[in-house]
Amino acid sequence: MRLNDIRISPHFKLREFQCGCCGTVKLRPELIAMLEALRALWGRPISLTSGYRCEQHNRAVGGASRSLHMAGRAADISARPDEQKPLRLYAFDAGFTEVICGEEKNYIHVGFN
Ligand SMILES: [Zn+2]
Ligand SMILES: [Zn+2]
């Protein structure tokens, strides 16, 4: 079995949240709860492109200097441009307070303070 191949909620595995460079993972439990809420509202699978980021990886991918990814409080969700508006609304309903569409990159960023 692969490292972090552990189901942590009905629809997510720990592995999906680990840092893209070093495999470290730090998560606020609320993040999982909100993602499950968002998944329920959206009614379709949610695929993460980024979860926790260590400082070094955050810098490497051009993340904000105080990115919520480094606090286990944010995730990026794969989404086509036409899916981003509805997902954005559901994200606020699910409790996220920081929602940013990344249309050229086919994802939306969801986070909370
Ligand atoms: Zn890392
Ligand atoms: Zn993000």
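Keep in mind it's a predicted model, so treat the numbers as computed, not measured.

The next thing to look at is the confidence of the model for the chain. A residue-level look at the chain finds 100% of positions with pLDDT of 70 or above and a mean pLDDT of 96. Here strand 5 (residues 98-102) is the element of the chain with the lowest mean pLDDT, 94, and helix 1 (residues 29-42) is the one with the highest, 98.

Our next topic: the coordination of the zinc ion (ligand 1). Every protein donor of the zinc ion (ligand 1) is listed here as C19 (SG), C21 (SG), C22 (SG) and C54 (SG), and their distances to the metal cover 2.3 to 2.4 Å. Angles of 99 to 118° at the metal separate the 4 donor atoms of the zinc ion (ligand 1), which places the site in the tetrahedral class. Sequence spacing of the donor residues for the zinc ion (ligand 1), all on one chain, is C-x1-C-C-x31-C. With C22 in the loop between strand 2 (12-13) and helix 1 and C54 in the loop between strand 3 (48-50) and helix 2 (55-60), this pair connects stretches of sequence that are 32 residues apart. By relative accessible area, C22 is classed as partly exposed at 43%.

What follows deals with unusual backbone geometry. In this structure, N4 takes a positive phi of about 65° despite not being glycine. Mapping N4 onto the fold places it in the segment before strand 1 (7-9). Look at N4 and you get buried, because its relative accessible area is 15%. Phi at N106 takes a positive value of approximately 60°, unusual for a residue other than glycine. Taking relative accessible area as the criterion, N106 reaches 37% and is therefore assigned partly exposed.

Here the focus is the pairing of strand 5. Where strand 5 and strand 6 (residues 107-111) come together, 5 bridges link them in antiparallel fashion. By the bridge assignment, C101 is partnered in strand 6 with I108. With antiparallel pairing between neighbouring strands as the criterion, strand 5 and strand 6 make up a hairpin whose turn holds 4 residues, including N106 at a positive phi of roughly 60°.

Analysis parameters
Residues numbered from 1 in each chain as written. Chains lettered and ligands numbered in written order. Predicted model: local features only at pLDDT ≥ 70, side-chain atom pairs only at ≥ 80, totals over all residues. Heavy atoms only, no water. pLDDT = per-residue confidence, 0-100. Helix = DSSP H or I, 4+ residues; strand = E, 2+ residues; numbered from the N terminus. Donors = N, O, S within 2.8 Å, 3.2 Å for Na, K, Ca; no water. Tetrahedral: all angles 85-135°; square planar, octahedral: opposite > 155°, others 65-115°. Buried < 20%, exposed > 50% of the residue type's maximum accessible area, 1.4 Å probe, protein only. Pairing = 2+ DSSP bridges.

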